[in-house]
Amino acid sequence: MNFTDAWCKAHLTTPLPTPAGKNPAALYLGMANIHDEMLLERIRFMHGGPVVPCPMTEAEVLRTIRKNFASEAEALQESKVNSWESEPVINLVDSLMDKALEQNASDIHLEPTEKELKVRFRIDGLLQFHRSLPPWLKDPVLVRLKLLAQVDITDKRIPHDGSFKFQGVSGTVRVRLSTLPVQHGETCVLRLLPAKDEGGTLGDLEFSPKILAELRRIFAMPQGLFLITGPTGSGKTTTLYAGLREIIQKKINVTTIEDPVEYSLNGANQVQVNEKCGFTFAAALRSILRQDPDVILVGEIRDEETARIALRAAETGHLVLATLHTNSAKGAFARLQDLGISQASLQESLLGVMAQRLLRKKTGGRIAALELLKPDGSYADGTLQEYADRLVQNGLVEKEELLRVLGN
């Protein structure tokens, strides 16, 4: 008999070659759970003969199955499949995500042109070309991903958002899908996120001792407002979560409001904003204040109402952590002023404002450049530029990388 790759992957089993000198009529089956008698009985019935279970880890099973993916490109080229249900398309989608995980990519970009479907991975903040797929795969690949994310496959004229879990050779991740109509079809970006909370604390983020001490002082405060600024992808959420992990074991209630919830945070109540049905940051924040929280994380302050409620919460016995999209710590004051919050009203509640960027390190990975503006107007450890210059002087970052991220 023959098991398909998709069936084997779903059941974490894989047929193995018959060992020398063993019963050729038996099916030797690599299994992640050799004690699953219901599955074994089902396979015996399908096989019509004896089945010998062989213990393997989940990763070993998936790695063995993946060896069969080697010919998927040839199969696709020859058959010109146009169905998301075909096994080559299913294997191709799984293979792309496996490859991205192997390379520690944070995102997969599928970009249609007139003559190809271009696949790029974002690694250490930069997009890198992975491969080109034939144009007839645009629709089946995207439909397969949309179905996994449980979004509408019939309307290609509007953007779609969804999510799903993917179990790959390197482990399980949550995948956040976003599509956008463009000239030659739909672009699709897949954000790869940890399936469970495995993040570190502030001490794992390689901040300077002065910044680390000031952040720990802020996160230990019983009340007040702390803001982190920076563009999308600058590590704001990572820093806030790291701080929360240091205090979350205390006897306190931690609640987050996010759009979307990117990472699972053990010990916190995480609230997903849904603006389509009116459940905005402001609406969620008003409701949360009736839940007797100690610490509140506001994923982003976007409007005057959210800003005012967050400030009021900080004034009435809550530690409020929030992000803003500004280029510098000082820029937060201008942004809040635009939202109707005066600098004078911040004086009693503000614990600090931090701006950060991520720079590629010479040895791989990324390191944060920071500036932390204290309530008295001084910096905990210099400006963003000064901090970044020290990273260059210490041999951690190339000058070209600093110019790429911070400019001149």
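Residues numbered from 1 in each chain as written. Predicted model: local features only at pLDDT ≥ 70, side-chain atom pairs only at ≥ 80, totals over all residues. Heavy atoms only, no water.

## Thoughts on the packing of helix α5 (residues 87-102) against helix α6 (residues 138-149)
Following both chains from N to C, one finds α5 and α6 inclined at 70°, their axes separated by 10 Å at the closest point. In this view, α5 runs roughly perpendicular relative to α6, as classed from their interaxial angle. Seen along the crossing, α5 lies across α6 with a hand that is right-handed. Touching Val 89, Ile 90, Leu 92 and Val 93 of α5 are Pro 140, Val 141, Arg 144 and Leu 145, all from α6. Across the contact of α5 with α6, the residue classes break down as seven nonpolar, no polar and one charged. (Axes fitted to C-alpha atoms, helices over the stretch in contact; angles between N-to-C directions. Helix = DSSP H or I, 4+ residues; strand = E, 2+ residues; numbered from the N terminus. Parallel < 35°, antiparallel > 145°, perpendicular 65-115°, else oblique. Left-handed = near helix turned anticlockwise from the far one by under 90°. Contact = heavy atoms within 4.5 Å. Nonpolar A, V, L, I, M, F, W, Y, C, P; charged D, E, K, R; others polar.)

## Some details on the environment of Ala 307
Secondary-structure assignment places Ala 307 in helix α10 (residues 304-315). For Ala 307, a relative accessible area of 5% gives the class buried. C-alpha of Ala 307 to C-alpha of Leu 336: the two residues are 29 residues apart in sequence and 7.5 Å apart in space. Contact partners of Ala 307, with chain neighbours within four places excluded, come to Ile 301, Leu 336, Leu 339 and Ile 341. (Buried < 20%, exposed > 50% of the residue type's maximum accessible area, 1.4 Å probe, protein only.)

## Re the packing of aromatic side chains
Under the counting rule described, the total for this entry stands at one aromatic pair. Each ring, one from Phe 219 and one from Phe 226, has its centre 6.1 Å from the other, and the planes form 65°; the classification is edge-to-face. Neither residue differs from the other here; Phe 219 and Phe 226 are each classed as buried. (Phe/Tyr/Trp six-rings, centres within 6.5 Å; stacked < 30°, edge-to-face > 60°.)

## Concerning the pattern of salt bridges
For the structure shown, the criterion picks out 18 salt bridges. In this structure, the salt-bridge partner of Asp 107 is Arg 191, at a minimum N-O distance of 2.5 Å. Pair noted here: Asp 107 is in strand β4 (residues 107-112) and Arg 191 is in strand β9 (residues 185-194), with a separation of 84 residues, a long-range link. Arg 191 sits in the partly exposed class, given a relative accessible area of 23%. Between Glu 186 and Lys 146 there is a salt bridge; the shortest N-O distance is 2.9 Å. You can see Glu 186 sitting in strand β9 and its partner Lys 146 sitting in helix α6, a full 40 residues away along the chain. Side by side, Glu 186 and Lys 146 carry an identical accessibility label, which is buried. Residues joined in a network through salt bridges with shared partners are Asp 259, Glu 275, Glu 300 and Arg 302. (Salt bridge = Lys/Arg side-chain N within 4 Å of Asp/Glu carboxyl O.)

## Side note on the sheet that holds strand β8 (residues 171-182)
Within the open sheet, the six strands sit side by side as β6-β5-β4-β9-β8-β7. Their pairing is antiparallel. Every interior strand has two partners, whereas the edge strands, β6 (126-133) and β7 (160-168), have only one. Averaged over all pairs of adjacent strands, the angle between strand axes in this sheet comes to 20°, irrespective of strand direction. Pairing between β7 and β8: nine bridges, direction antiparallel. (Pairing = 2+ DSSP bridges.)

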